[in-house]
Structures are given as C-alpha cells and as structure tokens.
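# Chain and residue survey
Chain residues, written in single-letter form:
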Amino acid sequence: MRTVVRFALLMLAVSFLTFLLVGLSPIDPVQANVGQAAYATMSPERRALLAQYWGSDQGVLVRYISWLSHALCGDLGDSLRFNAPVIEVVGERLANSAVLLATSWLLSGVIGCALGVVAGVKRDSVVDRVIRGYCYVLSATPTFWLALLALMVFAVWLGWFPLGFSAPIGSTGDVSMGTRLYHAALPALVLSLTGVANIALHTREKTVDVMGSDYVRFARTRGESTWTCVRRHGLRNLVLPALTLECAQIGEIVGGSILVEQVFSYPGLGQAAVTAGLGGDAPLLVGIALATAALVFVGNLVANLLYGAIDPRMKGVAAHVE
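These notes cover the structure that comes with them. The model shown is predicted, which means the values in this text are computed figures rather than measured ones. (Residues numbered from 1 in each chain as written. Predicted model: local features only at pLDDT ≥ 70, side-chain atom pairs only at ≥ 80, totals over all residues. Heavy atoms only, no water.)

Glancing now at helix α5 (residues 60-71). With 12 residues, α5 extends 16 Å between its outermost C-alpha atoms, agreeing within 8% with the 16 Å of an ideal straight helix rising 1.5 Å per residue. Of all the positions in α5, only Arg-63, Tyr-64, Trp-67 and Ala-71 are classed as buried. Buried residues of α5 fall within an arc of 100 degrees about the axis and therefore sit on the same side. Exposed and oriented more than 90 degrees from the buried face of α5 are Leu-61 and Ile-65. (Helix = DSSP H or I, 4+ residues; strand = E, 2+ residues; numbered from the N terminus. Expected span 1.5 Å × (residues − 1). Buried < 20%, exposed > 50% of the residue type's maximum accessible area, 1.4 Å probe, protein only. Arc of directions from axis to C-beta.)

Shown next, in the form of structure tokens:
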C-alpha cells in the first residue's frame, strides 16, 4: 500500500511540475504549431479561437485541474503537434525506444560491472590505470558529441551502420525485427556508454574492498586462485551495489536518449519530447514525463525485488544507492 501511495504521489507531482514549467515557458503554443507565416497573417479573432481551442488562454492551474479530471478517467488529452491522443503517441514512441533503452541498459550494466571487477582485481596495474582513465574520459564526454563522433566514423566513413532512423528510408509496411535491431545497434551502443563509467568505478571500489576482506584472504590461504575467490565469494557482494546503481541510472539513460535520438533521427520517446517542448505541447510533455517517471519507479522497485532473490538476507530491505 505504501508503494502504491508513493507512486500516485510521484505521478501527481511530476504532472503538476511539468504543467507549471510549460506554463512558464515563453513559447506560444498557437504560434509554434501554426507556423510563423500563418500566424503573422492570422486575424486576432482567429488567434483567440485557436488559443481557446487549445486552452492556452487559461491559467496553468485551471488547465491542470481540467487535465487531471480527464486523466483520472484514463484520458491524457490530445497532442497538439501530432494531432493524436497522447496515449497513442507515447505508446508508439515508447515501443520504438524500448529496444534502444533495454539494450543500452543491459550493455552498460554488463560492461561496467566487468570492467570494474577487472580493475579492482588488477589494482594499481596498467590495466587498472587504463580502465580508470577510460572511465574518467567517458564521464566527461558529452553524450551528443559521442553520438556525432560514432555517427561520423561508423556510419559515414566505415558504412557499418545506417545513418539513422528506425527503418530504411522509404520503407513501407512491416519491418523485420532484425532490421529494427540493426538500426538501433549504434544508438544503443552510444547510449550504453553513458552509464558504463559510473558502474565501473563504483564496482572497482567494491571489488577492492572485497579482495581485502578477511574471508577472501582466508580463501586464498587455502589455495584458491584470485578469480576463484571472486567467483565463489565476492561476486554476490559485487552484484548487489552494481544492480542498485544500474537501476538508479534508468533516468539518466532515458535522459541521454533524448540527445542520442536527436542525433540519429531515431523516432522514439526522446525525439517526441523535443518536438513537444519546442511546440509547447503540454499534454504530450506530461504524458512523456509520466512514462519516464514510471520507468524509473519500476526500475527501483525491481531492484528491491531482485535483492531478495540474489541475497536472501536483503529481503524486505529497501534498496538504496551507496
């Protein structure tokens, strides 16, 4: 019951803050959606009718209460930019982004955890310094610049991947899953790199602590090799914090997808958020904000549930990022 109440309060706060930020934005929804030329030649009466139709002539609180009354009945309104129900637009774009987000999330966790374990076991060696230097450079690199560089090298120069989009240009009808994965491969790889550095550095510190613990030293005196100690005695203690950090980074990956999808022209949730923001499309922005907030909430909830499966001692204990 507490989880349900927290989730409801989170959705309420996210929706209100999104409406408030859109209301404070200097973007005029009427002017942004009809275009500069049409808006300049439009009569004041016509502008007033469009403002009344889209509700931009009302205060933020009035519009939010009206939206909330419909949202409680399952209606999130209609998108101004896409001229379609918000639920349909968010569902379609989220389906396009699902493969991208899931692949990048898994890759960042696996690669980051593996690099962190290797760096921790090889502490102060050349391998450790190379991995740490790589993570420091990666954490300081802007996501959009990394995406542009990858697009230029692997798509333009080498031609290994398509230039963008989720399907070949001009394709009609259904597109095979293999084609969709091929188009999502490069954006997913770039997006996964945003979470590798934090997980690798965090896992390295935990590995150093585990390798210096009493039970590992006792195991090594019994003749067990370093990697056997890591596999048999330290892996469970290393997976727990890495899993917590990985689930906590869902919001960061979703935020990074906005820039990556823009660079690769990938028609996902991030690109829809940019389009809605530039057009002052409050209903669509709220729908996207609610969807991303729900993803982050579910990610943390799943981490709590997985804790009990990985380590029975953690059952009933909330997961917190250390």
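Our focus in this paragraph is the nonpolar core. Within the largest apolar cluster, 27 residues are counted, with the highest numbers of intra-cluster contacts made by Val-190, Leu-191 and Phe-264. If you list the elements that add at least two residues to this core, you get α6 (86-121), α7 (126-139), α8 (143-157), α9 (177-211) and α12 (250-263). Sorting elements by how many residues they give to this core places α9 first, with eight residues. In contact with Phe-264, other than residues within four places in its own chain, are Ala-147, Leu-151, Leu-163, Gly-164, Phe-165, Leu-186, Pro-187 and Val-190. Of all hydrophobic cores here, the second largest spans 25 residues; its members include Val-14, Val-22, Val-86 and Leu-285. (Core = buried A, V, L, I, M, F, W, Y, C linked by side-chain atoms within 4.5 Å. Contact = heavy atoms within 4.5 Å.)

In this section: the packing of α8 against α12. The geometry of α8 relative to α12 is characterised by a closest axis approach of 9 Å and an angle of 30 degrees between their N-to-C directions. Where α8 crosses over α12, the two elements pack in a sense that is right-handed. For the pair α8 and α12, the contacting residues are Thr-143, Phe-144, Ala-147, Leu-148 and Leu-151 in the first and Gly-256, Leu-259, Val-260 and Val-263 in the second. Its residues placed into classes, the contact of α8 with α12 shows seven nonpolar, two polar and no charged. (Axes fitted to C-alpha atoms, helices over the stretch in contact; angles between N-to-C directions. Left-handed = near helix turned anticlockwise from the far one by under 90°. Nonpolar A, V, L, I, M, F, W, Y, C, P; charged D, E, K, R; others polar.)

Attention now moves to the environment of Arg-204. For Arg-204, the location among the structural elements is in helix α9. Taking relative accessible area as the criterion, Arg-204 reaches 6% and is therefore assigned buried. For the pair Arg-204 and Leu-115, spaced 89 residues apart in sequence, the C-alpha to C-alpha distance is 7.8 Å. Those residues in contact with Arg-204, other than ones at most four positions away along the chain, are Gly-116, Ala-119, Gly-120, Arg-123, Asp-124, Asp-128 and Arg-132.

Helices that pack against each other are described as a pair by the angle of their axes relative to one another and the distance between those axes. It is at 10 Å that the axes of α8 and α9 come closest, and there the two elements cross at 145 degrees. Our pair here, α8 against α9, has a crossing hand that is right-handed. In this structure, α8 uses Thr-143, Leu-146, Ala-147, Ala-150, Leu-151 and Phe-154 to contact α9, whose residues at the interface are Leu-186, Val-190, Leu-193 and Thr-194. Here the residues of the contact of α8 with α9 sort into eight nonpolar, two polar and no charged.

We now examine a nonpolar patch on the surface. Nonpolar side chains collect at one region of the surface, where Met-152, Phe-154, Val-156, Trp-157, Leu-158, Trp-160 and Leu-163 lie side by side and expose about 770 Å² of accessible area between them. Mapped onto the elements of the fold, Trp-157 is located in helix α8. Residue Trp-157 is classed as exposed on the basis of its relative accessible area of 62%. (Patch = residues over 30% accessible without salt bridge, like charges linked within 9 Å, V, L, I, M, F, W, Y side chains within 5 Å. Areas by Shrake-Rupley, 256 points an atom, 1.4 Å probe, with all protein chains shown as cover. Salt bridge = Lys/Arg side-chain N within 4 Å of Asp/Glu carboxyl O.)

For the structure shown, the criterion picks out seven aromatic pairs. For the pair Phe-19 and Tyr-64, a centre-to-centre distance of 5.7 Å together with 70 degrees between the ring planes defines the contact as edge-to-face. Taken together, the residues span a long stretch of sequence, with Phe-19 in helix α1 (residues 2-24) and Tyr-64 in helix α5 at a distance of 45 residues. Given the relative accessible area of 5%, Phe-19 is considered buried. Judged by centre distance (5.6 Å) and plane angle (55 degrees), the ring pair of Phe-19 and Trp-67 falls under tilted. Here Trp-67 lies in helix α5 and Phe-19 lies in helix α1, a separation of 48 residues in the sequence. As far as burial versus exposure is concerned, Phe-19 and Trp-67 are alike and both buried. (Phe/Tyr/Trp six-rings, centres within 6.5 Å; stacked < 30°, edge-to-face > 60°.)

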